[in-house]
Amino acid sequence: MSIRKPSLVRSRLSAALFAAMVLPAAGVAFAQDADAQAATTETEAKTLDKVVVTGSLIPTSQLETATPVMTITAEDIQARGFNSVTEVLQKSSFATGGIQGAQTSASFTQGAETMSLFGLDPGYVKYLIDGRPMANYPALYNGSSTFNNISGIPVDMVDRIEILPGGQSSLYGSDAIAGVVNIILKKRMDGTVLNVRGGWYSEGGGDSARVSLSHGFNSADDRLNVLVGLQHEERDPIWGYQRDRTKQFNVNGYSPATASRDYLVTSYFTSYKFLDPANCGNLTDQFGGTVGLQTRPGFGDENYCGSFYTPGYRTLMNEKKSTQVYTHGTFDLNENTELYADVLFSKEKVKYHVGSNYTWWGTGPGWGYFWDPRVGNDIAAAYGEYFCGADPDPACLAGLPPGSLLSLQRAFSPEEMGPGGFANTMEKNESEAYSVTFGANGTFGGSNWDYDLGFTRTHYKLDEIGFVRWAGPMNDYFQEHVLGPQLGLDPLFGAYPVFQPDYAAFYTPISPEDFAAMTGYATSKSETSDNMLRGQVTNSALFTLPGGDAGLAVAVEGGRQSWDYTPDPGYLNGDVWGTTAVAGGGARTRYAATAELRLPVWDMLTVTASGRYDSFKTSHSTVDKPTYSIGLEFRPMETLLFRGKYGTAFKAPTLSDMFMGPSGYYSSVIDYYNCSLAGYGPDAIEDCPNQYSNRQFFGTQSGNTELDPINAKVWSVGAVWSPVERLSINVDYLHWDIEDEVTQQSANALSLQDYRCRTGIDDINSAVCQAALAQVTRNAAGAITEIYTPKINVSRETLNAVTVAANYTWDAGNFGAFMLRGSFTENLKHEYQQYAEDPMINLLEDPYWSSDPKRKADFSIGWNKSDFNTTLYANWFDATPNYAAQITDRGYAGNRAGKLPSHISWNLSLGYSPLENLKLSFLVNNLFNKMPPMDWSYPGTSGAPYNGGNFDVYGRAMYLEARYSFGAE
């Protein structure tokens, strides 16, 4: 009995389906389409080989099961103009959620790429490569969450990408709440293929070049199959100054454009009263000669020194150099055993700049405000009411000392950085990741039992080389050249240092040599690893039922995971100016057992049940979780399928959730205790004085080794219908109910509990009170100064969504073949509750919490005839809230609040094969160079008046590609 070769079976089935659907190389196909069923006869359908598809462990000849699956093939990727796996996934109609990325300056993972399915957390997606989990990215999304970076996958090596929406933990374990993405790489090739691609943007920047070389061969007896692939890509950055929308402050906002406050002397008691810009003329050649004397329109402030063009000095697209090496091999040891091995190695160097807003110096971190006795001689007029009351006593006014509390802050210009400017001060992320798998599969003798035993190791190493300002040298420089020696403490408070700065020196450019002496690079190192040993046995003909053969799959796996994040010591000991970091690390062992049973009860009804048990153990705790799923497939006729699925899903506490070290932040809270002392209880907080009702505090968050898993109940119902030949329509309704989500403990709730304990409402000796009193720190005056808010399981959200896909192929004979494909997603309900005492928030109607669109869709029409093919592809976003609707809790009722219009962009690809083995392509992405909806509700102080979480301002991209095959593929 010959062994089953999964790679061969899949390729043969894929070829049969494509031929049946008359799909050209530039066509589009989805695995959930029933086109093949409509295009083949009943007899042909019954002879299809059984294959394993994402969403099941049991081989089946059914193209559609209880789980909806969207498949995007290599041909789709090329035809739609996608330049990376990231683009493929982010353009999917399922990806309705906004994300942080290259356009999010100073985010924690500006150099990484990810996506959000249905607006859920990016960490709720399970990413697989050839069915095996990807390595987690070592740095934390938003400084808190574990996620996957999908930028290091060689797109030229991808055979197809399968997306399963909905919870899939009963088969794939932790993280599979929003869905599963399985990226399947090529497995077989005869000969050598060279692919060269170059691209550029019509607006400038972002030039790219990619070359890939792959070679496959088989031994003479066909027992050995090897494929080796290499891909290398280089891409220039896109800077803000290369786009009209981002090169300067918003000239189309509701308020006049306002220059940046690049060089400021500000007064503590008069807010941003800008002082002493008399020497601004010394700086007019900075920032490309755009610095000058400015005022804030409508504020009546005195003049200050700044530029309208500093927003342009940041990157919108990362510079990148990446290399991936991929190898797949199989060897038929005997007729019942096949050995296999896979290696995927990726090396990336990403560079970006956080921008001029984050590249500056000020007196705040070193000294705070300082006292200058020479400024503010009319102290009575400036501060009289503050110190002496609304009707001040003249004697009190006369007793006020001359002087003022001031602060300095100034930006660093590109001229001060030397030739190359901001390009000399870019952040760098250097990473290496690999996945190695080896094992054996085959059959047990002449039985129907198949087995697969394999070991996989993934490892991701990241060096974040941050451009930093060294606190000691920088503060020393400005004290020597600007502030001068400290002259004691202020006479009014006795707490602020006294300086008599040389303000002319403050308004003087710094030499590149001095700038280099006070700046440099600090490297933070982090890594993740995962070792997994997995064994599976499968019988796709366990016994016979009226509807066909029952199938069973049982799998067990075990391994060890680790995470470590070690920042440069300067971030923690204060050597780095103005920036901190988080340290942490931990490891755990994990075990899991999975079983799936497929029962074709009769011709029209199939029942599938799966269950899984996961256990995660650290030195502190053990977390275990069972999950299950039950699916039904009802086929009243060959062309119609009704399906439904119900189950549970979960996400285990990540190692970062458990072992992240303390990190600081600033926020404000109601000081309920002091409000009560002032005569205002919790029911009268709106009348409490501002110094108590809006008390600023320093917060500390950290991991929590006692976290529970995040739990979800998930279900879906849907139908697949092929009313006529070569036409299929899919409709699926999905539901999530997610509980025990991880968030920080509520600072407001801790302040309220602290009040209840201090006033005797609750027993101050109780465990609850002792914990609250330990977490809320007060100073000698009794005011809150610090609050400790560790991570806890408390949040929940519910989500309902509907997805629709329609696909049609038409053979027009001498006129060629046409393919129409479309997919649509609508989030019908998305509610979120952060704390148990909070009301449920409607994320679809409350823009203060979410700016995601409710609906997203894509559509393509392809044509193929002989050696020519073309595809027109459209990606559509529904209306999104504008900026004004997002910044207050009044939502759409706020002033200037509203919605931005929907947005659509078009891609066009043209392909021609002048020779049998040569294919030439010209691709244009964003064909009409359409920019995101202009958001007029941004003020003139904005440097990016559009929603960067959902859109980009890259503009039209063009690519030329040549693919040559040295031998048959």
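Look up a bit, the structure's there.
Residues numbered from 1 in each chain as written. Predicted model: local features only at pLDDT ≥ 70, side-chain atom pairs only at ≥ 80, totals over all residues. Heavy atoms only, no water.

1. A few points about the sheet that holds strand E29 (residues 663–669)
- The strand order across the open sheet formed by four strands is E29-E30-E34-E33, and the pairing between neighbours is mixed. In this open sheet, the two strands that pair with only one neighbour each are E29 and strand E33 (776–778). Geometrically, the sheet is characterised by an average inter-axis angle of 25 degrees between neighbouring strands, direction not taken into account.
- Two strands pair when backbone bridges link them, and E29 and strand E30 (residues 695–701) are joined in this way by seven bridges, in the antiparallel orientation. Bridge pairing in E30 links Tyr666 to Phe698.
- Each of E29, E30, E33 and strand E34 (784–788) is contacted by helix H17 (residues 747–758), which is oriented at about 65 degrees to E33, the strand it contacts most.
- Lying on the sheet, helix H18 (residues 767–775) is in contact with E33 and E34; it crosses E33 at an angle near 55 degrees. (Pairing = 2+ DSSP bridges. Helix = DSSP H or I, 4+ residues; strand = E, 2+ residues; numbered from the N terminus. Axes fitted to C-alpha atoms, helices over the stretch in contact; angles between N-to-C directions. Contact = heavy atoms within 4.5 Å.)

2. As for a negative patch on the surface
- A contiguous patch of negative charge on the surface is contributed by Asp476, Glu480, Glu513 and Asp514.
- Of all the secondary structure elements, the ones that give two or more residues to the negative patch are helix H10 (471–483) and helix H12 (512–518). (Patch = residues over 30% accessible without salt bridge, like charges linked within 9 Å, V, L, I, M, F, W, Y side chains within 5 Å. Areas by Shrake-Rupley, 256 points an atom, 1.4 Å probe, with all protein chains shown as cover. Salt bridge = Lys/Arg side-chain N within 4 Å of Asp/Glu carboxyl O. Lys, Arg positive; Asp, Glu negative; His and termini not counted. Charge placed at Lys NZ, Arg CZ, Asp CG, Glu CD.)

3. Brief notes about the side chain of Asn950
- Among the structural elements, Asn950 can be located in the loop between strand E43 (918–925) and strand E44 (957–966).
- Given the relative accessible area of 12%, Asn950 is considered buried.
- Engagement of the side chain of Asn950 in a polar contact is seen with the side chain of Asn947, the distance being 3.1 Å.
- Aside from chain neighbours lying at most four places away, what touches Asn950 is Thr96, Gly97, Gly98, Ser851, Asp852, Pro853 and Phe877. (Buried < 20%, exposed > 50% of the residue type's maximum accessible area, 1.4 Å probe, protein only. Polar contact = N/O pair within 3.5 Å; in protein donor to acceptor, adjacent residues only side chain to side chain.)

4. Thoughts on the pattern of salt bridges
- Tallied over the entire structure, the rule returns 36 salt bridges.
- For Asp754, the salt bridge goes to Arg778, with nearest N and O atoms at 2.6 Å. Residue Asp754 is found in helix H17, and its partner Arg778 is found in strand E33; the two are separated by 24 residues along the sequence. Each member of the pair, Asp754 as well as Arg778, is classed as buried.
- Overlapping salt bridges bring together Asp530, Arg534, Glu557, Arg590, Arg612 and Asp614 as one network.

5. A word on a nonpolar patch on the surface
- On the surface, Leu194, Val196, Val211, Leu213, Leu230, Val325 and Phe966 cluster together into a nonpolar patch covering about 520 Å² of accessible area.
- The set of elements that each furnish at least two residues to the nonpolar patch consists of strand E6 (191–201) and strand E7 (208–218).
- Residue Val325 is classed as partly exposed on the basis of its relative accessible area of 31%.

6. Comments concerning the sheet that holds strand E4 (residues 158–165)
- Spatial strand order, E1-E4-E5-E2-E3: five strands in an open sheet with mixed pairing. Strand pairing shows two members of the sheet lacking a second neighbour, strand E1 (70–73) and strand E3 (132–133), which therefore form its edges.
- As defined by bridge partners, E1 adjoins E4 across four bridges and the pair is classed as antiparallel. Bridging from a neighbouring strand, Thr71 pairs with Glu162 of E4.

7. So, the state of the cysteines
- Considering all chains together, one arrives at three disulfides under this definition.
- Paired through a disulfide, Cys280 and Cys305 show a sulfur-sulfur distance of 2.1 Å. Because the torsion about its S-S bond is 75 degrees, the bridge between Cys280 and Cys305 counts as right-handed. Of this pair, Cys280 sits in the loop between strand E10 (263–267) and strand E11 (292–294) while Cys305 sits in strand E12 (residues 304–306), and the two are 25 residues apart along the sequence. Here Cys280 and Cys305 have matching classes, each one buried.
- Paired through a disulfide, Cys757 and Cys769 show a sulfur-sulfur distance of 2.0 Å. (Disulfide = S-S within 2.5 Å.)

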